[in-house]
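# Reading the structure
If you want the building blocks of each chain, they are given just below.
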Amino acid sequence: MAYFAGGRQLTLCVRPQGFNGAISWLARPGVSIGVIGTGVGTTLRGTNTADPAVIGVLTGSLSLTSANGYVEATAASGFLLPPHARVEFNGSPGLTLAVARLHGRGGASWGDEARPISQSLVAQIIGYLQRAYFFRSYHHAVAETDHLGNVLWHCLHDPRAELPVTPSVMPGFDQRVTRMIELIASSTEREFDIGRVSAMAGVSTRNLYYLMKKHTGMSPYQFFVSRRLVRVRRALLDCQCDVPTVSWHALSEGFSHLGRFSALYRNHFGEYPRQTLEWRSDAQARAAAIQPADCSATPRMLCLTTG
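This report concerns the structure included in the present document. Computed from a predicted structure; not experimentally measured.

Reading guide: rules and limits
Residues numbered from 1 in each chain as written. Predicted model: local features only at pLDDT ≥ 70, side-chain atom pairs only at ≥ 80, totals over all residues. Heavy atoms only, no water. Axes fitted to C-alpha atoms, helices over the stretch in contact; angles between N-to-C directions. Helix = DSSP H or I, 4+ residues; strand = E, 2+ residues; numbered from the N terminus. Parallel < 35°, antiparallel > 145°, perpendicular 65-115°, else oblique. Left-handed = near helix turned anticlockwise from the far one by under 90°. Contact = heavy atoms within 4.5 Å. Nonpolar A, V, L, I, M, F, W, Y, C, P; charged D, E, K, R; others polar. Buried < 20%, exposed > 50% of the residue type's maximum accessible area, 1.4 Å probe, protein only. Core = buried A, V, L, I, M, F, W, Y, C linked by side-chain atoms within 4.5 Å.

### A look at the packing of helix α3 (residues 175-186) against helix α6 (residues 220-238)
At their nearest, the axes of α3 and α6 sit 9 Å apart, and the two run at 40° to each other. The orientation of α3 with respect to α6, classified from their angle, is oblique. Here α3 and α6 pass one another in a crossing that is right-handed. Residues I181, I184 and A185 of α3 lie in contact with α6, whose contacting residues are P220, F223, F224, R227 and R231. Of the residues that constitute the contact of α3 with α6, the class distribution is 6 nonpolar, no polar and 2 charged.

Spelled out as structure tokens, the structure:
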């Protein structure tokens, strides 16, 4: 739970059917953006860091209780969590949250209680997450993340600030593009056959390239490669073995030249595969250090504490 990092304690209470969730995170000097998803109803208790956080509900619903107030949020709504606030979150099954934590942003008075934020501000986060599916490189991801952090800061610091127009890159109005994205993302082929994809999507090869570039900023082949890289990274992180074999997972996705694969991987994720494995090993060590918490106040719940 990177959001509550920094020496603060986090208690995770999970109802009897067990916890099922995932966390994705990108940290920058001025902002950290994360997505937290849970498969069951979940309670989180803890103290916020010295940084304010913007929390947007993507799916499900969430209630937040603090010493000074109570806030409810449903999909496409959100709230601001001030620094050092002690809070308890109660989330519905299928809850997905986007969390943007703003670092080193002095000169603002955040108050001492959580408060709702505008849906237009939450829309900025949703737009960012939609575009994240089509980030062309780590540097592209960094630039988009820094931009979102600046937008959130200025709009929270000055409520009169005008929000930038953030068009969606998931053009649901054009079924051809949606179909192309689904076909390429779900493809298990090692080689990219643009003729096959264009035929299944019902567009010419030329239109396939044009529409993908127009709506996503990526060529069909770039998107195909990015999906394969993401699958390799997930396999390295999710593998239940002691030490995943990079070459095996790379070859299984059609990357036959390991030197080229390593360069593509670093360009996309900002690190080499071996660095991903080092991070995985460190995360496993930290997870092993989790100790049971005192859950006398929450009967019939399994409680864990980290920090």
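### What about the environment of Y221?
Examined against the element boundaries, Y221 turns out to sit in helix α6. The exposure class assigned to Y221 is partly exposed, which follows from its relative accessible area of 48%. For Y221 and F192, which are 29 residues apart along the polypeptide, the C-alpha to C-alpha distance reads 6.9 Å.

### Points about the nonpolar core
One recurring pattern in soluble globular proteins is that nonpolar side chains are buried together. In terms of nonpolar packing, the biggest core is built from 26 residues, with M180, M212, F223, L229, F255 and F261 touching the most fellow members. Put simply, the parts of the chain that give this core at least two residues each are α3, α4 (194-201), α5 (205-216), α6 and α8 (258-269). By residue number, the principal contributor to this core is α6, which donates 7 residues. Each residue touching L229, except ones within four places of it in the same chain, is listed here: F255, F261, L264, Y265, H268 and F269.

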